[in-house]
Amino acid sequence: MLDEEAFSTVFREDADEAMALLVEMSKATDESLRAAARGLARRLMIDVARQGVARGRGVGKLRRDRADRGGELDLDRSLPALVDAAAVGGVPALDDLVARRWARPELALCLVIDTSGSMTGARLAAAALTAAACSWRAPVEHAVVSFARTAEVIRPLRSSRSKAAVVDSVLSLRGHGVTALAAALHKANEQLASSRAARKTVLLLSDCRATDDQDPLPAARACEELLILAPAEDCEEAERFARDAGARWHPLTGAASAPAALATLLDRP
């Protein structure tokens with residue numbers, strides 16, 4: 001049985017421990033317990049991630065401009081020009097009319113999740129929370145890629161997959177051996193290549209310890225912007241890699257801190 005009230009008490013006392021426990025329960029052999037835990041985990045990850053969303057969400061903004069530059073006619077703002085033209089039996093000039101158009105998104109994000117080690121409850125919770133936070137922060141264009149020996153796209157940059165479905169896929173990830181960091185960064189850059197966003201960012205969730213024979217630095221330096229979230233207890237390699245790649249990084253002290261850590265990286269000048 002999953003007592004949600006009891007879980008809430010544990011969550012208030014130690015959010016990291018509670019989420020790790022919930023993720024482990026989502027892999028239980030008992031079908032009803034597994035379903036209940038997975039459903040609660042999806043709701044919790046999305047809700048907690050939303051609380052960490054700060055300014056600068058990656059939505060396109062509605063802008064008004066002269067109609068000769070394209071867009072949809074804004075009748076309310078164009079009415080004076082239309083009335084004046086009708087009064088003399090003429091046609092208003094396009095540059096006297098006002099149009100509305102959506103500007104390009106401010107942010108496109110590609111989250112890259114390292115699954116080369118053991119995917120414990122704590123690691124899965126951190127990954128799922130980060131994925132949910134990315135979906136809130138860049139709702140128009142965000143991708144999720146997991147990698148070990150190969151890189152797999154969980155969510156393409158433009159997709160109708162819901163937040164819940166993506167979180168569920170992340171919670172289903174299993175650990176593997178080889179860390180093909182270069183391939184993962186190449187895949188992330190491929191995802192972002194078609195974006196029209198003003199800012200294209202790869203967010204790497206990893207200790208950055210590549211174990212294959214490919215040098216990941218060229219792929220890292222090819223990123224328009226590379227941000228790294230590394231486990232606080234094992235971040236020395238990530239710090240070095242960030243320095244060599246010209247990236248910014250932040251230590252991740254626990255799953256619950258992931259949304260705030262993402263906001264810190266994205267909003268740092």
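An account of the accompanying structure is given in this report. (Residues numbered from 1 in each chain as written. Predicted model: local features only at pLDDT ≥ 70, side-chain atom pairs only at ≥ 80, totals over all residues. Heavy atoms only, no water.)

**Thoughts on the sheet that holds strand β6 (residues 151-155)**
Within a beta sheet, neighbouring strands are joined by backbone hydrogen bonds and run either parallel or antiparallel to one another.
For step 1, the next point in the chain: Read from one edge of the open sheet, six strands run β6-β5-β4-β7-β8-β9, paired in mixed fashion. Edge strands, defined here as strands with exactly one partner in the open sheet, are β6 and β9 (248-252). The average angle at which neighbouring strand axes cross in this sheet is 20°, direction not considered.
For step 2, the next point in the chain: Sheet topology note: the strand β8 (residues 226-231)/β9 ladder contains five bridges and is parallel. Note that in β9 the partner of Leu229 across the bridge is His250.
For step 3, the next point in the chain: Contacting β4 (107-114), β5 (142-147) and β6, helix α6 (residues 163-171) runs over the sheet at an angle of about 150° to β6. (Pairing = 2+ DSSP bridges. Helix = DSSP H or I, 4+ residues; strand = E, 2+ residues; numbered from the N terminus. Axes fitted to C-alpha atoms, helices over the stretch in contact; angles between N-to-C directions. Contact = heavy atoms within 4.5 Å.)

**What about the pattern of salt bridges?**
For step 1, the next point in the chain: Summed over all chains, the structure comprises 13 salt bridges.
For step 2, the next point in the chain: The partner of Glu24 in a salt bridge is Lys27, with the nearest N and O atoms 3.5 Å apart.
For step 3, the next point in the chain: Residue classification places Lys27 among the partly exposed residues on the basis of a relative accessible area of 27%.
For step 4, the next point in the chain: In this structure, Asp47 and Arg50 form a salt bridge, with 3.3 Å as the shortest nitrogen-oxygen distance. (Salt bridge = Lys/Arg side-chain N within 4 Å of Asp/Glu carboxyl O. Buried < 20%, exposed > 50% of the residue type's maximum accessible area, 1.4 Å probe, protein only.)

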